[in-house]
Amino acid sequence: MAKIANPTQNEASLTAKGTLQYKEYGRLLLFGIPWPFKRYEIYENEMTIISGFLSVKEDDCFMYKISDVELSRSLLQRMAGLSTITLFTSDVTDKTIVMKNIKHGREIKDFINQESERARLRRRTVNMQNIGFNDDLEDDGNLE
């Protein structure tokens, strides 16, 4: 492991993430065995995805950028006690994050839903959706 150049800055970075709430691995579907090449670390303020074997990639997504969470379970996943969680985000690198074959799926989905809403409230970030209001306006800006 590499030596930390600035321990104070490293501690501040870890504090900004919040406390680690979940550490989950992608799993083999058939046996539900953790597959160590993809790991999800879910903190209060952000989510980190660490993937790879020889070359490792680490990607972060702030919780306030998660706009919707979906849980799905196929028949085989239900038999193995696993779930797939799909996160829809406003993140630049990943618009959709798919967490396949995760244990405790409903609990993790609920946590992400609650923490993403809390993070938006803390940052005073509003998530806007286009509901087609402007489609009813005439060319001069008045309602039909």
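Up top you'll find the structure we're talking about.
Quick summary incoming for the structure in this document.

Calculation notes
Residues numbered from 1 in each chain as written. Predicted model: local features only at pLDDT ≥ 70, side-chain atom pairs only at ≥ 80, totals over all residues. Heavy atoms only, no water. Buried < 20%, exposed > 50% of the residue type's maximum accessible area, 1.4 Å probe, protein only. Helix = DSSP H or I, 4+ residues; strand = E, 2+ residues; numbered from the N terminus. Pairing = 2+ DSSP bridges. Axes fitted to C-alpha atoms, helices over the stretch in contact; angles between N-to-C directions. Patch = residues over 30% accessible without salt bridge, like charges linked within 9 Å, V, L, I, M, F, W, Y side chains within 5 Å. Areas by Shrake-Rupley, 256 points an atom, 1.4 Å probe, with all protein chains shown as cover. Salt bridge = Lys/Arg side-chain N within 4 Å of Asp/Glu carboxyl O.

Here we come to the pairing of strand 3 (residues 46-51). For strand 3, the buried fraction is high: six of the six residues fall into the buried class. Here strand 3 shows a buried face lined by Glu-46, Thr-48 and Ile-50 and a second buried face lined by Met-47, Ile-49 and Ser-51. Bridge count between strand 2 (residues 34-43) and strand 3: five bridges; the pairing is antiparallel. Counterpart to Arg-39 in the pairing with strand 3 is Ile-50. Between strand 2 and strand 3, which pair antiparallel and follow one another directly, the connecting turn spans two residues. Across six bridges, the pairing between strand 3 and strand 4 (residues 57-62) is antiparallel. Following the sheet pairing, Ile-50 is matched in strand 4 by Glu-58. Here strand 3 folds back onto strand 4 in antiparallel fashion, the turn holding five residues, of which Gly-52 has a positive phi close to 120°.

Let us now look at unusual backbone geometry. With a phi angle near 55°, Asn-101 is a residue other than glycine that sits in the positive phi range. Residue placement: Asn-101 occurs in strand 7 (residues 96-102). Unlike most non-glycine residues, His-104 shows phi in positive territory, near 60°. Structurally, His-104 can be placed in the loop between strand 7 and helix 3 (105-123).

Turning our eyes to something else, we now look at the sheet that holds strand 7. Reading across from one edge, 5-6-7 is the order of the three strands in this open sheet, with antiparallel pairing throughout. Lying at the two open borders of the sheet, with one neighbouring strand each, are strand 5 (66-72) and strand 7. Averaged over all adjacent pairs, the angle separating strand axes in this sheet is 15°, with direction ignored. Note: strand 6 (residues 83-89) against strand 7, five bridges, orientation antiparallel. Within strand 7, the position partnered with Ile-85 by the bridge is Met-99.

Taken together, the side chains of Leu-28, Ile-33 and Trp-35 make up a nonpolar region of the molecular surface, amounting to roughly 270 Å² of accessible area. With respect to the secondary-structure elements, Leu-28 resides in the loop between strand 1 (20-27) and strand 2. The class for Leu-28 is partly exposed, based on a relative accessible area of 33%.

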